[in-house]
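Spelled out from the first residue to the last, the chains are:
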Amino acid sequence: MKHLFFLISFAFIQLAVQAETATTSFVDFVNPLIGSQSNHELSNGNTYPAIARPWGMNFWVPQTNVMGDGWVYNYTDTHIRGFKQTHQPSPWINDYGQFSLMPMKGIIINENKRASWFSHKAEIAKPYYYSVYLADYDITTEITPTERAAFFRFTFSESDSSAVVIDAFDRGSYIKIIPEENKIIGYTTRNSGGVPDNFKNYFVVQFDKKVKFISTWKNESLSAEKELTDNHVGAVVGFKTRRGEVVQAKVASSFISFEQAERNLNEIGTKTFDQVKVEGRNKWNETLGVVDIKANVDQMRTFYSCLYRSTLFPRMFYEIDVAGKPYHYSPYNGKVLPGYMFTDNGFWDTFRAQFPLINLFYPSLNAKIQEGLLNTYKESGFLPEWASPGHRDCMVGNNSASIVSDAILKGITPKELQLPLYEAMKTSANSNHPQIRSTGRRGVDYYNKLGYVPYNVGINESAARTLEYAYDDWCIYQVGLKLNRPKEEIEVYKNRSRNFQNLFDPSHNLMRGKNEDGTFQSPYNPLKWGDAFTEGNGWHYTWSVFHDINKLKSLMGGEKVFAGMLDSVFALPPIFDNSYYGGTIHEIREMQIMNMGNYAHGNQPIQHMIYLYDYARQPWKTQYWAREVMDKLYLPTPDGYCGDEDNGQTSAWYIFSSLGFYPVCPGTNQYIVGSPMVQKATISLENGKKIVIDAFGNNKDNRYIQSLLVNKKPYTLNYLDFSEMQKGQTLLFNMDNKPNMSRGISLRDLPYSYSAVETEK
Ligand code: CA
């Protein structure tokens, strides 16, 4: 006994020494549970712990909620019913191609009955590794994934009926047991739309211990058949185990074939669980380490957790063939075709900051994504707007134009793809998908004829569509210019880019829906959510003129009035009209409860608004509010977000803002200057250059820029330039607790607007 005690103490000392010497790395700051304490009524992120590789084809998630429920993992839940392979981009869009594994003692197929108690205190969630103790069975489950495969490690209790249930889910599945190989193969067809009829996710599960028992099951009853196809099938394997005995399973899947699923299993190959885990940790550190920041520990946690969220989507939907080349199952035409494909993204959300983040940090990835977008066009006739995995009818706009343009204009898109993608943008801008209304442009004929989508012709959210189409037209025009397209071809887009003016109502100084006959919608309540707008009101959507803030300023009566209108968003009480939705949607509630007036950071339309003070020569208000939002609305806790995270977009806002700049208008080269949260940051660009940011004297109060030196030279512009940054740059911010009202206020300090500055009235 004495000897045993000595050995244990020695082991503890060893561990303590190791812990002290091991350096904390980027991924250690990530908490995948941030945002998971959410529900239909209130989103604190609506995220789930995605255990994955960056942009991986498959994510894994412990499933606390019932099969089919989009809120798959809720922080307040107490039971886990399975470990699910998931492809879900958002609870509102839901999942596809999902199946699960669940270890247990005895055989319990029913998902409610098999669920086990667990505690967050006996749970480890890392991007590359998940571990949890399933209390009802005295079993620990560990998962470490690759891009398309996953390694499971089950530490069983003492039992001659230890088991793992493989659940291929309902709505059409297939299972086959191969006892002599301790192997199960199957497919799931479960989806939430956006797939051809032949859609399948083929999976293979390979155990490393001789099974004592193996069986298929159908609709919760064991079956003597080795192979089954039905609404809901699965398999169960049983082992005799000692307490503490480890059984491992390697799992992989493919959207292409069983053969490819086996090939994807080679991502694990002969590696051990710990080797895959270390490889995953290194991959995440490499990805997150592109930005090395210094800040307080809560800010570090929030920052790297946000960066993790911004490096998950759009996911790879391609696989690697026997020759090592990318190919993919087309979620558009059901064929297997060469080349890249990415999916699970709502461009209405992500064009704003998420794609600009990829362009700055991971441009070579976006070169592949752009090829995938062209493939989507080739396979479906349209660029995607909301893809999961194929076109989904969700949201408004034609913001693929922003994503395609920004990559071309920043020199990221391979040369040979530029003209075809320009043609794809033109097609998508001048037609509407026959079945998927949000793909292409709904109301395109009206828009092209009248210069707006009318309010009263049965097309919902018409003003939001018009404003976004006008910005998208500006994007297309910019690419047309770059590619030296004929004047008559690109003038169309140039002219349409001014269409936002058609909806400006001087009597409210806000955007307003307009009827087919040219009269404004009436009645009009600028506090009414939805209706002519999308998940926002007139006060939120009026700023959606990303490319021409000068014109918006002059429409409002000059920059002082414009800045006053920005002030009003915060000054208004959080009152709202929810009648369009017949209830208070979560986005409204998230605005109401933050005590920030009518500012609604929990949803995307207004997320760039704070940066517009820079266009009105009051940059200190941008600095004030950017920090206010960072400090108040982003926390490293399960309720850490202030609304739906949305595929990296709300996180990308935080990443950019933390570094002191934000991309208000993708398609320009400009980042609009805010107020850095970091003490110091080093961005390592793919081209080998570095952007080094120092914020001298920075703290919660010292949020104002006293001066900025760029490459050691005084710099008063309210924007930074992408091309200049590509050469490597040092930014030295001197921070103070009082605004410097003489900095950033000359006309030449203003960021890009399509219209020239008009003289102040
Ligand atoms: Ca949203």
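Here the structure is a predicted model, which is why all the values come from computation and not from measurement.

Visitor: If you had to explain the overall build of the protein to someone new, which residues and values would you point to?
Guide: For the protein, the count of helices and strands is 20 helices and 36 strands. Its C-alpha atoms give the protein a radius of gyration of 27 Å, within 12% of the compact-globule value 27 Å for 761 residues. Its C-alpha atoms give the protein principal-axis dimensions of about 85 × 60 × 50 Å. A separation threshold of at least 6 residues defines the contact pool for the protein, and within that pool the share at least 24 residues apart is 70%. Approximately 26600 Å² of the protein is accessible, and the part contributed by carbon and sulfur atoms is 52%. Averaging the coordinates of the 77 positive side-chain charges in the protein and doing the same for the 79 negative ones gives two points 4 Å apart.

Visitor: Can you break down the coordination of the calcium ion residue by residue, with the values?
Guide: In this structure, Asn603 (OD1), Gln604 (OE1) and Asp646 (OD) serve as the protein donors to the calcium ion, at separations of 2.2 to 2.4 Å. Judged by its relative accessible area of 0%, Gln604 is buried. For Asp646, a relative accessible area of 14% puts it in the buried group.

Visitor: Break down the packing of helix 5 (residues 297-309) against helix 19 (residues 649-659) for me, with residues and values.
Guide: Where helix 5 contacts helix 19, the axes come no closer than 8 Å and their chain directions differ by 130°. Between helix 5 and helix 19, the angle is such that the two are oblique. Note on packing geometry: the crossing formed by helix 5 with helix 19 is left-handed. Residue-level inspection shows Gln299, Thr302, Phe303, Cys306, Leu307 and Arg309 of helix 5 in contact with helix 19, the latter providing Ser651, Tyr654, Ile655, Ser658 and Leu659. Looking at the contact of helix 5 with helix 19 residue by residue, the class counts come to 6 nonpolar, 4 polar and 1 charged.

Visitor: Got a sec to walk through the domain arrangement of the protein? Specific residues and values, please.
Guide: Segmenting the protein into domains produces domain 1 (49-287) and domain 2 (291-760). Domain 1 and domain 2 are separated by 37 Å when their C-alpha centres are compared. Counting from both sides, the interface comprises 36 residues of domain 1 and, opposite them, 39 residues of domain 2. At the boundary of domain 1 with domain 2, total buried surface from both sides reaches about 3100 Å², with 59% on carbon and sulfur atoms. Taken together, the connections running from domain 1 to domain 2 amount to 0 salt bridges. Going through the elements one at a time, strand 18 (246-254), helix 3 (258-265) and helix 4 (273-288) are the ones with two or more residues in the side of domain 1 that touches domain 2. The residue makeup of the side of domain 1 that touches domain 2, split by class, is 19 nonpolar, 14 polar and 3 charged.

Visitor: So what's going on with the pairing of strand 22 (residues 326-329)? Which residues, and what values?
Guide: In this structure, strand 21 (residues 319-320) lies alongside strand 22, joined through 2 bridges in antiparallel fashion. The residue of strand 22 that forms the bridge with Ile320 is Pro326. Hairpin connection, strand 21 to strand 22: the antiparallel pair is bridged by 5 residues, and Gly324 has positive phi, about 85°. Relative to strand 23 (residues 336-338), strand 22 runs antiparallel, the two sharing 3 bridges. Looking at the pairing, His328 lines up with Leu337 of strand 23. The antiparallel pairing of strand 22 with strand 23 creates a hairpin that spans 6 residues between the two strands, and Gly334 there sits at a positive phi of about 80°.

Visitor: How would you summarise the confidence of the model for the protein if you had to cite specific residues and measurements?
Guide: A residue-level look at the protein finds 96% of positions with pLDDT of 70 or above and a mean pLDDT of 96. Low confidence marks residues 1-22, where pLDDT is under 50. Its contacts with residues over four positions away, or in another chain, come to 0 contacts.

Visitor: Mind laying out helix 5, listing which residues take part and the relevant values?
Guide: The end-to-end C-alpha distance of helix 5, which contains 13 residues, comes to 18 Å, matching closely the 18 Å that a straight helix rising 1.5 Å per residue would cover. With 10 of 13 residues buried, helix 5 is to be regarded as a mostly interior element. Taken together, the buried positions of helix 5 are occupied by Gln299, Met300, Thr302, Phe303, Tyr304, Ser305, Cys306, Leu307, Tyr308 and Arg309. Next to the buried residues of helix 5 lie helix 4, strand 19 (291-294), helix 7 (354-361), helix 18 (619-633) and helix 19. Structurally, the start of helix 5 carries an N-cap: the backbone nitrogen of Asp298 is 3.0 Å from a side-chain oxygen of Asn296.

Visitor: Could you give an account of the sheet that holds strand 29 (residues 661-662), with specific residues and numbers?
Guide: As summarised here, the arrangement of the 3 strands in space is 29-30-35, forming an open sheet in which the pairing is antiparallel. The sheet is open, and its two borders are formed by strand 29 and strand 35 (719-721), each paired with just one other strand. In terms of strand pairing, strand 30 (residues 670-673) meets strand 35 through 3 bridges, oriented antiparallel. Its bridge partner being in strand 35, Tyr671 is matched across the sheet by Leu720.

Visitor: Can you lay out unusual backbone geometry for me, pointing to particular residues and giving the numbers?
Guide: The peptide bond linking Phe313 to Pro314 adopts the cis configuration, its omega dihedral lying at 0°. Mapped onto the elements of the fold, Pro314 is located in the loop between helix 5 and strand 20 (315-316).

Visitor: Can you break down the packing of aromatic side chains residue by residue, with the values?
Guide: Tallied over the entire structure, the rule returns 55 aromatic pairs. Between the aromatic rings of Trp55 and Tyr362, the centroid separation amounts to 5.1 Å while the plane-to-plane angle is 75°, which identifies the pairing as edge-to-face. In this pair, Trp55 is assigned in the loop between helix 1 (2-21) and strand 1 (59-63) and Tyr362 in the loop between helix 7 and helix 8 (363-380), connecting sequence segments 307 residues apart. Considered together, Trp55 and Tyr362 belong to a single accessibility category, that of buried residues. With a centroid separation of 4.7 Å and an interplanar angle of 40°, the aromatic rings of Tyr634 and Tyr654 are classed as tilted. Pair noted here: Tyr634 is in the loop between helix 18 and helix 19 and Tyr654 is in helix 19, with a separation of 20 residues, a long-range link. An aromatic cluster is defined as three or more aromatic residues linked by ring pairs; in this entry it consists of Tyr611, Tyr634, Tyr641, Trp653, Tyr654, Phe656, Phe661, Tyr662 and Tyr671.

About the criteria used
- Residues numbered from 1 in each chain as written.
- Predicted model: local features only at pLDDT ≥ 70, side-chain atom pairs only at ≥ 80, totals over all residues.
- Heavy atoms only, no water.
- Helix = DSSP H or I, 4+ residues; strand = E, 2+ residues; numbered from the N terminus.
- Rg over C-alpha atoms; globule rule 2.2 N^0.38 Å.
- Contact = heavy atoms within 4.5 Å.
- Areas by Shrake-Rupley, 256 points an atom, 1.4 Å probe, with all protein chains shown as cover.
- Lys, Arg positive; Asp, Glu negative; His and termini not counted.
- Charge placed at Lys NZ, Arg CZ, Asp CG, Glu CD.
- Donors = N, O, S within 2.8 Å, 3.2 Å for Na, K, Ca; no water.
- Buried < 20%, exposed > 50% of the residue type's maximum accessible area, 1.4 Å probe, protein only.
- Axes fitted to C-alpha atoms, helices over the stretch in contact; angles between N-to-C directions.
- Parallel < 35°, antiparallel > 145°, perpendicular 65-115°, else oblique.
- Left-handed = near helix turned anticlockwise from the far one by under 90°.
- Nonpolar A, V, L, I, M, F, W, Y, C, P; charged D, E, K, R; others polar.
- Domains from an automatic or database assignment.
- Buried area = accessible area lost by both parts, 1.4 Å probe.
- Salt bridge = Lys/Arg side-chain N within 4 Å of Asp/Glu carboxyl O.
- Pairing = 2+ DSSP bridges.
- pLDDT = per-residue confidence, 0-100.
- Expected span 1.5 Å × (residues − 1).
- Polar contact = N/O pair within 3.5 Å; in protein donor to acceptor, adjacent residues only side chain to side chain.
- Phe/Tyr/Trp six-rings, centres within 6.5 Å; stacked < 30°, edge-to-face > 60°.

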